[in-house]
Every structure is written in C-alpha cells, then in structure tokens.
Amino acid sequence: MNNVEKKKRKIIRRIKKIITVVIIIIFILVIHKIIIKKKAEKTHVVDNKLRNEIIDEEQEPIIVNKKITDWRLVLANSENVLPEDFQVELSNIDKERQFDSRAISYLKKMTDDMRKDGIVDVWVQSGYRSIASQKNVYEKSIKKYMEEGKTREEAIALTLKFINQPGASDHNLGLGVDFNYVDSKFAKTEAFKWLKENAEDYGFILRYPEDKEEQTGIKYEPWHWRYVGEEHAKEMNKLCMCLEEYVEYLQEQ
C-alpha cells in the first residue's frame, strides 16, 4: 500500500469519527430538547391548575372572622372593652332603672308575662349601668376584698370572677339585666325556672351559664340575662352556646 492510499484511509477514518461525533451531538441535542419540552408542558399544566384554583377561590372566597354588625350581638367582655365615650339611647324601666330603647319592649313584655303566669316575686334589680357606675361597682368590690386582707392583685382576680371591668359589661351596653337579689339562690326560684323555659321567646339568654365559665371568664350568674333577639336566643340554646361561642361560630360561617 503506497503512501497516497494510506493517507486516503486515514482521512476517511477521521471523517467517520467526525461524523460519529456529530451524530452523537445531534442525538444529545434532540434528547435534551425533548426533555425541556416535556418539563415545559408539565409546568404549563401545573400553572393552569394553580390558576384554576385561584379562580375558584376568587369565585368562592373563604370568609374568616367575618365582622358581626348586629347591635344585639355586641360583645362586652375582658377582650372587648367598650370605649369610654360609648353611648346608647335608653328608656326607663322604672324611675331608677334603664334599658336599651330598642330592646326595652321585649324586657317589659317578658316581665309582664311572668306576672300573668303567677310569678309576682320578680323584679329588675339592675339594667343599664354607665361605665362610670361600672367602675364604682368594680372598685367597691376590690376595696371589700382588700379590707378582708387580700392584696389588690388578689382582690382584682376575685372581683373579675363576678364583676366585669369598666366597659366590659352587658350593663354598659344597656342589654344586660339582673333579676331580684344578685344571689345564686335565684337559681332555685320559680322565676328562674320560668326564664329558662321561656326567655328565648323574648330574645333573652342566660348570659353566664354554669358550664361556660372557661368561655365567658365569669362565674355562673343565674340572675344575669342578656338580650340578643329571639332568633339568636333560640339558636344559641339549640347549639348550647354562650354568647362568646356563638359570635365566633357566626364569624366562621
């Protein structure tokens, strides 16, 4: 084999190697393109899914902590203290006691019907109480415990079991009513029995039930009733909820 022939073969081998390398590169590029295309398609599907989920959420929004605007359900407690300048239109229960003008007719109707049913030994001991008056009651209770030897911190803790701080009471709203003497013995009266059976028909609830102290933060008060409106009163009793639970329940609907 002469030199010319050897050179030709060498060139051919090189050309074959180059062609092989080019084919491999082309194959790799094609595979890479296919992989990129599949990833893009997958991403597009995911993006569409997310977009559809966002659209669905926009069409059916989830409402959390919805604001309650019904004046009958306003909460006044240690976590919801009324401003010092809070005002409400009042009407007289008698010469000394007042109640929210929008709800007083229901209170009067309820007490009138109680008497018609033979329960005459019942009266309104306390209705509306200004924040200033609430402060007086609150401080008087603290003073009483301190005179018994309690520290102010202990006296406040004991007071808060039965008396809300100023601005944190149904009485400040003009929607709370205490019957007869502020005494747990009221739970054994015919008046209390009648209220348990009928108060919801007039829009009133037992504000601080015996088994709801953890939710209300207040000890059992059989004498304390709160106006919330008939439909709410009946629903709360049906659900076995106190006002705090019921407001939270409505906010989550």
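First, a word on scope: everything that follows refers to the structure included in this document.

About the criteria used
Residues numbered from 1 in each chain as written. Predicted model: local features only at pLDDT ≥ 70, side-chain atom pairs only at ≥ 80, totals over all residues. Heavy atoms only, no water. Helix = DSSP H or I, 4+ residues; strand = E, 2+ residues; numbered from the N terminus. Buried < 20%, exposed > 50% of the residue type's maximum accessible area, 1.4 Å probe, protein only. Contact = heavy atoms within 4.5 Å. Areas by Shrake-Rupley, 256 points an atom, 1.4 Å probe, with all protein chains shown as cover. Pairing = 2+ DSSP bridges. Axes fitted to C-alpha atoms, helices over the stretch in contact; angles between N-to-C directions. Core = buried A, V, L, I, M, F, W, Y, C linked by side-chain atoms within 4.5 Å. Patch = residues over 30% accessible without salt bridge, like charges linked within 9 Å, V, L, I, M, F, W, Y side chains within 5 Å. Salt bridge = Lys/Arg side-chain N within 4 Å of Asp/Glu carboxyl O. Phe/Tyr/Trp six-rings, centres within 6.5 Å; stacked < 30°, edge-to-face > 60°. Parallel < 35°, antiparallel > 145°, perpendicular 65-115°, else oblique. Left-handed = near helix turned anticlockwise from the far one by under 90°. Nonpolar A, V, L, I, M, F, W, Y, C, P; charged D, E, K, R; others polar. Expected span 1.5 Å × (residues − 1). Arc of directions from axis to C-beta. Polar contact = N/O pair within 3.5 Å; in protein donor to acceptor, adjacent residues only side chain to side chain.

1. So, the overall build of the chain
Counting its secondary structure elements, the chain contains nine helices and six strands. By residue count, 33% of the 253 residues in the chain fall in the buried class. For the chain, the proportion of contacts with a sequence separation of at least 24, taken over those separated by at least 6, is 71%. Carbon and sulfur atoms provide 54% of the accessible area of the chain, an area that totals close to 17000 Å².

2. Digging into the sheet that holds strand E4 (residues 176–179)
Spatially, four strands are ordered E3-E4-E6-E5 in an open sheet, and the strand pairing comes out antiparallel. The open sheet is flanked by strand E3 (124–126) and strand E5 (204–208), the only strands paired with a single partner. Taken over all neighbouring pairs, the strand axes of this sheet differ in orientation by 50 degrees on average, direction set aside. Note that E4 and strand E6 (residues 221–227) share three bridges and pair antiparallel. In the strand pairing of E6, Gly-176 is matched with Arg-226.

3. Overview of the nonpolar core
Counting residues in each nonpolar core, the largest one holds 28 residues, and the members touching the most others are Met-110, Phe-179, Leu-195, Phe-204 and Trp-225. Of all the secondary structure elements, the ones that give two or more residues to this core are helix H2 (104–116), E4, helix H6 (190–198), E5 and E6.

4. Regarding a nonpolar patch on the surface
Among the surface-exposed residues, Ile-24, Phe-27, Ile-28, Ile-31 and Ile-34 lie close enough to one another that they form a single nonpolar patch of about 470 Å² accessible area. You can see Ile-28 is positioned in helix H1 (residues 3–59).

5. A closer look at the packing of aromatic side chains
Within this structure, the stated rule accounts for 10 aromatic pairs. For the pair Phe-204 and Tyr-227, a centre-to-centre distance of 5.4 Å together with 65 degrees between the ring planes defines the contact as edge-to-face. One end of the pair, Phe-204, is in strand E5; the other, Tyr-227, is in strand E6, with 23 residues separating them in the sequence. You'll find Phe-204 and Tyr-227 in the same group, each marked buried.

6. Regarding the packing of helix H3 (residues 131–147) against helix H4 (residues 152–159)
Relative orientation of the contacting elements H3 and H4 amounts to 125 degrees, with a least axis distance of 8 Å. Taken together, the axis directions place H3 and H4 in an arrangement best described as oblique. Here the hand of the crossing between H3 and H4 comes out right-handed. Listed contacts from H4 to Tyr-138, Glu-139, Ser-141, Ile-142, Tyr-145 and Met-146 of H3 are Arg-152, Ala-155, Ile-156, Leu-158 and Thr-159. Its residues assigned to classes, the contact of H3 with H4 comprises seven nonpolar, two polar and two charged.

7. Observations regarding the pattern of salt bridges
One pass over the full model with this rule turns up 16 salt bridges. As a salt-bridge pair, Arg-72 and Glu-231 come within 2.8 Å of each other at their nearest N and O atoms. Of this pair, Arg-72 sits in the loop between H1 and strand E1 (90–92) while Glu-231 sits in helix H8 (residues 230–239), and the two are 159 residues apart along the sequence. Arg-72 gets classed as buried once you look at its relative accessible area, which sits at 15%. Of the charged contacts, one joins Glu-96 and Arg-97 as a salt bridge, the two residues approaching to 3.7 Å between their closest N and O atoms. The class for Arg-97 is partly exposed, based on a relative accessible area of 23%.

8. Some thoughts on H3
It helps to recall that an α-helix has 3.6 residues per turn; residues three or four apart then point in one direction. With 17 residues, H3 should reach 24 Å at 1.5 Å per residue; the first-to-last C-alpha distance of 24 Å fits that figure. Among the residues of H3, Ile-131, Gln-134, Tyr-138, Ser-141, Ile-142 and Tyr-145 are the ones counted as buried. Down the axis of H3, the buried set is contained in an arc of 95 degrees. They therefore lie on one face. Looking at H3, the residues exposed on the side facing more than 90 degrees away from the buried face are Ala-132, Lys-140, Lys-143 and Glu-147. Of the surrounding secondary structure, the elements contacted by the buried residues of H3 are H4 and helix H5 (170–173). Positive backbone phi, at 105 degrees, marks Gly-149, one or two positions downstream of H3.

9. Remarks on the side chain of Thr-159
As for its position among the elements, Thr-159 is in helix H4. Here Ile-142 takes part through its backbone nitrogen, which lies 3.5 Å from a polar atom of the side chain of Thr-159. Discounting chain neighbours no more than four positions away, the residues touching Thr-159 are Tyr-138, Ser-141, Ile-142 and Tyr-145.

10. Considering the packing of H8 against helix H9 (residues 243–251)
Close contact between H8 and H9 brings their axes to 10 Å; oriented N to C, the two are set at 100 degrees. Considering their axes alone, H8 and H9 lie roughly perpendicular with respect to each other. On H9, the residues touching His-232, Glu-235, Met-236 and Leu-239 of H8 are Leu-243, Tyr-246 and Tyr-249. Tallied by class, the residues present in the contact of H8 with H9 amount to five nonpolar, one polar and one charged.

In short, the description is geometric, and any link to function would need to be established separately.
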